[in-house]
Amino acid sequence: MIKKKCFGFIPTKGETVDEQFKNCLLQLEKTLKSLYLDNSDILKQTIFVNAENNTSYLEIKKQLAKILDTNFNSSTPPTSFVGQPPEENKHLALEIIVAEKADGYQILQKKVKNIKYVVVQNTDMKEVYATGLTMSDLNSGISEQSQNAFNKMELILQNEGLDFSNIVRQWNYIEKILDVKTSDQKIEQNYQIFNNVRSTFYAKSSFNNGYPAATGIGMNVGGVILDFIAISFAKNISIHPIKNPNQIDAHQYSENVLVGKNAANKTRPKFERAKVVSNESVNQIFISGTAAIIGQYTIQENTVSDQTIATLQNINKLISIDNLKAHGVSIRDSLKGPSYLRVYVKNKSDIPLVKNICNKYYKEIPALFLVSDICRNNLTVEIEGIADF
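Residues numbered from 1 in each chain as written. Predicted model: local features only at pLDDT ≥ 70, side-chain atom pairs only at ≥ 80, totals over all residues. Heavy atoms only, no water.

## Brief notes about empty space enclosed by the protein
On inspection of all chains with the given rule, the structure shows 2 cavities of 30 Å³ or more. The space that makes up the largest cavity amounts to roughly 90 Å³. Looking at the lining of the largest cavity, the elements with two or more residues in it are β4 (92–99), β8 (167–175), β19 (340–345) and β21 (381–388). Element by element, the count of residues in the lining of the largest cavity is highest for β21, at 3 residues. When the residues that make up the lining of the largest cavity are grouped by side-chain class, the tally is 7 nonpolar, 1 polar and 4 charged. (1 Å grid on protein atoms, 1.4 Å probe; cavity = no way out; pocket = protein on both sides within 12 Å on 5 of 7 lines; lining within 4 Å. Points joined across faces, edges and corners; volume = space filled by probe spheres on them. Helix = DSSP H or I, 4+ residues; strand = E, 2+ residues; numbered from the N terminus. Nonpolar A, V, L, I, M, F, W, Y, C, P; charged D, E, K, R; others polar.)

In structure tokens form, the structure reads like this:
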């Protein structure tokens, strides 16, 4: 397993979409140079865009794709264009995961049926990074779009001799995640429809090491998009699903917190609160999208500050040394907290308050703040991250 870092970039200059994006790419170039890396070391990238509707979203996506092709000499790494406006009313933000240099590893850009992904491999194992798995027709229903995205995921995994149980981290972006539709005496929520499709595909694999760490989050536009990281099983790699003792596992939720009525096969969200992946040189915790939930219920429904504090306390408990050791993770007493955060805030006006609280809890930890619907109507904040130990 290779060491990796995550970076987020907000434009510091520029008025137009093009100008702001080129500024982010300039920041990326400087960051890579400071680490003695280059574009070929980027494993995946996510571009968060502010778009009013799907028409403008597709136009922006096409516009930025041209700039990427020029910047990367047509060797653009796997990329997602996610319809979540960034902080400070910017047109966009950029996030990357980059691999550090390591002897014996290859980083390969690959394709299957024109779907681009990256493989990091040595003689013992492989890691697969895929992003932007989506359907071109954004007018299709959530079920059809979800099935299309999971079909692409399955195709990549099969091409690498893997299955869904090899996924250690997954991102699920769902347009209008909270929307509910009523038809034929059925009440179906977009997030629940997505969960049903996910369960159907996951049923093809045996998750002996737990489900992936995951985030299920809303988008203003963009349909359904999947990103994932998968790792092959190997003797020298340890994979641990991590529970939060203060929360019920999402895949064990009761019917009380699942939205829908008379909907066939209403299934639970299948993810772990975190996933630890480690070998002799790399120890990393993938922290799932975390919110102000105790047990299975939202707390302090109407107070964004209380929800933010409760969310950060949940993360602290989740990745505490005692909790990790209770799950069989060998760790020295030096875990300082996450090394990177991505923070989703329901209301744009709340970002300064949420940002101030996060900065007090985790000083000098880089974070990206985005506007997004959370998977419950009464949630205002969700936070995910990566921690190294």
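## With respect to the pairing of strand β11 (residues 213–219)
Where a strand is regular, its side chains alternate between the two sheet faces. With 7 of 7 residues buried, β11 is to be regarded as a mostly interior element. Side chains of β11 alternate between two faces, with Ala213, Thr215, Ile217 and Met219 and Ala214, Gly216 and Gly218 buried alike. The pairing of β8 with β11 spans 7 bridges and is parallel. Directly across from Gln170, in β11, lies its bridge partner Ala214. (Buried < 20%, exposed > 50% of the residue type's maximum accessible area, 1.4 Å probe, protein only. Pairing = 2+ DSSP bridges.)

## A word on the packing of helix α5 (residues 304–318) against helix α7 (residues 351–361)
Packing of α5 against α7 brings their axes to within 10 Å, and their N-to-C directions diverge by 30°. The way α5 lies across α7 gives a crossing that is right-handed. Counted together, Val304, Ser305, Thr308, Ile309, Leu312, Gln313 and Asn316 of α5 and Leu353, Val354, Ile357, Cys358 and Tyr361 of α7 form the full contact between these two elements. Looking at the contact of α5 with α7, its residues break down into 8 nonpolar, 4 polar and no charged. (Axes fitted to C-alpha atoms, helices over the stretch in contact; angles between N-to-C directions. Left-handed = near helix turned anticlockwise from the far one by under 90°. Contact = heavy atoms within 4.5 Å.)

## Section: α7
Residues of α7 that are buried include every one of Ile351, Val354, Ile357 and Cys358, and no others. Down the axis of α7, the buried set is contained in an arc of 130°. They therefore lie on one face. Opposite the buried face of α7, by more than 90 degrees, sit the exposed residues Pro352 and Lys360. On its buried face, α7 is in contact with α5, β19, β20 (367–371) and β21. (Arc of directions from axis to C-beta.)

## Here's the deal with the state of the cysteines
One covalent bond between the sulfur atoms of two cysteine residues makes up a disulfide. Applying the stated criterion across every chain, the model contains 0 disulfides. The thiol sulfur of Cys24 is not disulfide-bonded, and the nearest other cysteine sulfur, from Cys6, lies at 14 Å. Cysteine Cys375 is unpaired, with the sulfur of Cys358 as its nearest cysteine sulfur at 17 Å. With relative accessibility at 18%, the residue Cys375 sits in the buried group. (Disulfide = S-S within 2.5 Å.)

## Side note on the side chain of Ser372
When you line up the elements, Ser372 lands in the loop between β20 and β21. Side-chain polar atoms of Ser372 contact the backbone oxygen of Gly218, separated by 3.1 Å. For Ser372, the contacting residues outside a window of four places in its chain are Gln84, Ile217, Gly218, Tyr344, Val345 and Lys346. (Polar contact = N/O pair within 3.5 Å; in protein donor to acceptor, adjacent residues only side chain to side chain.)

## Some words on the sheet that holds strand β15 (residues 274–278)
Here 6 strands make up an open sheet; going across it, the order is β13-β15-β16-β21-β19-β20 and the pairing mixed. The two strands at the open ends of the sheet, each matched to only one other strand, are β13 (238–242) and β20. Between one strand axis and the next, the sheet turns through 10° on average, direction left out of account. Where β15 and strand β16 (residues 283–290) come together, 5 bridges link them in antiparallel fashion. Its bridge partner lying in β16, Val277 is registered against Gln284. In this fold α5 packs onto β13, β15, β16 and β21, with an angle of close to 25° to the strand it touches most, β21. Its contacts with the sheet put α7 on β19, β20 and β21, and the angle it makes with β20 is roughly 155°.

## Some thoughts on the side chain of Gln84
Here Gln84 shows up in the loop between β3 (79–82) and β4. A polar side-chain atom of Gln84 sits 2.8 Å from the main-chain carbonyl oxygen of Gly218.

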